[in-house]
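Notes for the structure review
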Amino acid sequence: MQDNSQSTMPGRFPAQSGLSDAPVAILLSLYNGGTYLSEQLASLEGQTHTNWVLYWRDDGSTDGTLSLMQHFSQKMGHRCIMVTPRNGQHLGVTASYSHLLAAVPPDMPVAFCDQDDVWLPDKLARGLKALATLPSTQPGLYCARQTLTDRNLTPVGLSPPLPQATSFLAALTQNIATGCTIMLSPAACDLLKKAMPASSHILHDWWAYLLVAGAGGNILTDNRPVLLYRQHGQNAVGAPARFMQRALGALRRGPSLFMDIFRANTLYLLSRRQLLTPENQESLRLIQQGLGRGWRGLAARFSLLQKMEQLRRHEKLEQLVFRLWFLLG
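A few points on the structure. (Residues numbered from 1 in each chain as written. Predicted model: local features only at pLDDT ≥ 70, side-chain atom pairs only at ≥ 80, totals over all residues. Heavy atoms only, no water.)

Glancing now at the sheet that holds strand β6 (residues 140-144). Judged by pairing direction, the sheet is mixed, and its 7 strands sit side by side in the order β3-β2-β1-β4-β9-β6-β10 without closing on themselves. Both edges of this open sheet fall to β3 (80-82) and β10 (218-222), since each of them pairs with a single strand only. Pairing analysis gives 2 bridges linking β6 to strand β9 (residues 183-184), with the strands arranged antiparallel. Opposite Tyr-142, over in β9, you have Met-183 as the bridge partner. Packed onto the sheet, helix α2 (residues 65-76) meets β1 (24-30), β2 (52-58) and β3 and runs at close to 155° relative to β2. (Pairing = 2+ DSSP bridges. Helix = DSSP H or I, 4+ residues; strand = E, 2+ residues; numbered from the N terminus. Contact = heavy atoms within 4.5 Å. Axes fitted to C-alpha atoms, helices over the stretch in contact; angles between N-to-C directions.)

If you want it as C-alpha cells, here you go:
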C-alpha cells in the first residue's frame, strides 16, 4: 500500500510570496541554560532577517537563566515576550513548547529555538525563503542539518544527511526533523494548535513532523547546516553524527521501548485522525490492526512490511534495525 502524503523537497527555494519578509515568532523554552544562553541570544540578534519576536518561558530553572532573560527582555523591549501561563513550572520539553505555540498570533511563521545552540546569520532567512514556495493554505515544515560542536563550539562533524523526500509512513519510523532547525508555515502552526500533545511521550519536533506529514503537508529539507549544535552532555536530545553510534544506541534500547513509542504515536494520531488525509487515516487503521501481541501480531506486522513499502527508515542499515524491532516488538 502506498502512502500518498505530499512531502517533498524542492531543489531550490525561490521566494514566491511575502512570507520571506514576514515577522517570525521564535519559540524558546528555557531550563537551566545560563551557561550557554548568552551566545544563543547574540546569534538571534545577528540574524539577517531582523523581523522577529521572541516568545519564551522558563521551565523551572534554578540557575542564572531568568536573570539573563530578564536583562535581554529589557534590552529588546516589545520584541521579547514572556509567555506567562505556568511560567517557571517544570512541564517538560513538549508541554513547554505547546504553551509557547499556543501564544503565537495567527498568520505568523514559527521557528523552534534551543537555549544552547548558535544560529548562523541566515538561518531565519533561508527557512522563510523555503516556506515561501508553498501555497498559503498548505502546512509546511522546513528542517536542516547542523554543524555538531563540542561545548566550546569547536566543530566535530555534521548531523546525518537529510533525505530529498520523505513520507508520513517514514515519519512514523523515525524523526528526521531536529527541533532546533524547524520552521513552520502559518498553516502548519494552525494545524499543530488543533492537536497539542497531552503527554510527554513524544517530543515537540517529532510531533510537528508527524502532523504536517500526516495532513498531506510539505516537508522541506535543507542539507546545508543552519546552526552550531552544541553537544555538552546535558542536551535534552543529543545528535550522534555517525551511523554506528545511532545503531548501537538503538540496540541498547531494544525493540520494546521503540514499539511502545510507535504504538503510542499511532494511538495519538488516530485520536486526531480528522486532521489527516484519508489515505493516511487508512494506513494508521491497518497499522493498528497489526500491532497485536503474539504470533498473530508478528504475522500481521510482517504482512504490513510487505504491503507498506514506505514504512521504512531512509538509511539501509537503519532500516534493518527498524524491521527487526518492528517484528520483535
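Another aspect to go through is the state of the cysteines. Under the criterion given, the structure shown has 0 disulfides. Looking at Cys-180, it has no disulfide partner, and the nearest cysteine sulfur is the one in Cys-113, 8.6 Å off. A relative accessible area of 1% places Cys-180 in the buried class. (Disulfide = S-S within 2.5 Å. Buried < 20%, exposed > 50% of the residue type's maximum accessible area, 1.4 Å probe, protein only.)

With that settled, the discussion passes to the pairing of β10. Among the 5 residues in β10, 5 count as buried, and that is most of the element. Because side chains alternate across β10, one face comprises the buried residues Asn-218, Leu-220 and Asp-222, and the other comprises Ile-219 and Thr-221, equally buried. One ladder, built from 5 bridges, connects β6 with β10; its direction is parallel. Across the sheet, residue Tyr-142 finds its bridge partner in β10, namely Leu-220.

This part covers helix α9 (residues 278-289). With 12 residues, α9 ought to run about 16 Å at 1.5 Å a step, and its terminal C-alpha atoms sit 17 Å apart, in line with that. Within α9 the residues assigned to the buried category are Asn-280, Ser-283, Leu-284 and Ile-287. Viewed end-on, α9 has its buried residues packed into an arc of 100°, placing them on one side of the element. Those residues of α9 that are exposed and angled more than 90 degrees off the buried face are Pro-278 and Gln-289. (Expected span 1.5 Å × (residues − 1). Arc of directions from axis to C-beta.)

Judged by nonpolar contacts, the single largest core of 57 residues is most densely connected at Leu-27 and Leu-184. Sorting elements by how many residues they give to this core places helix α7 (residues 204-214) first, with 8 residues. Beyond its immediate sequence surroundings of up to four residues, Leu-27 is in contact with Tyr-55, Tyr-97, Leu-100, Leu-101, Val-104, Val-110, Ala-111, Phe-112 and Cys-113. Residues Leu-28, Met-69, Ala-130 and Ala-132 belong to the second largest nonpolar core, which totals 34 residues. (Core = buried A, V, L, I, M, F, W, Y, C linked by side-chain atoms within 4.5 Å.)

Every buried residue of helix α3 (residues 93-102) is listed here: Thr-94, Ser-96, Tyr-97, Ser-98, Leu-100 and Leu-101. On its buried face, α3 is in contact with β1, β2, β4 (110-113), α6 (186-193) and α7.

The next point concerns the packing of α6 against α7. The contact between α6 and α7 brings their axes to 10 Å, and the two run at 105°. Taken as axis vectors, α6 and α7 run roughly perpendicular relative to one another. Here Ala-188, Leu-191 and Leu-192 of α6 lie close against α7, whose contacting residues are Trp-207, Ala-208, Leu-211 and Val-212. Split into classes, the residues belonging to the contact of α6 with α7 amount to 7 nonpolar, no polar and no charged. (Parallel < 35°, antiparallel > 145°, perpendicular 65-115°, else oblique. Nonpolar A, V, L, I, M, F, W, Y, C, P; charged D, E, K, R; others polar.)

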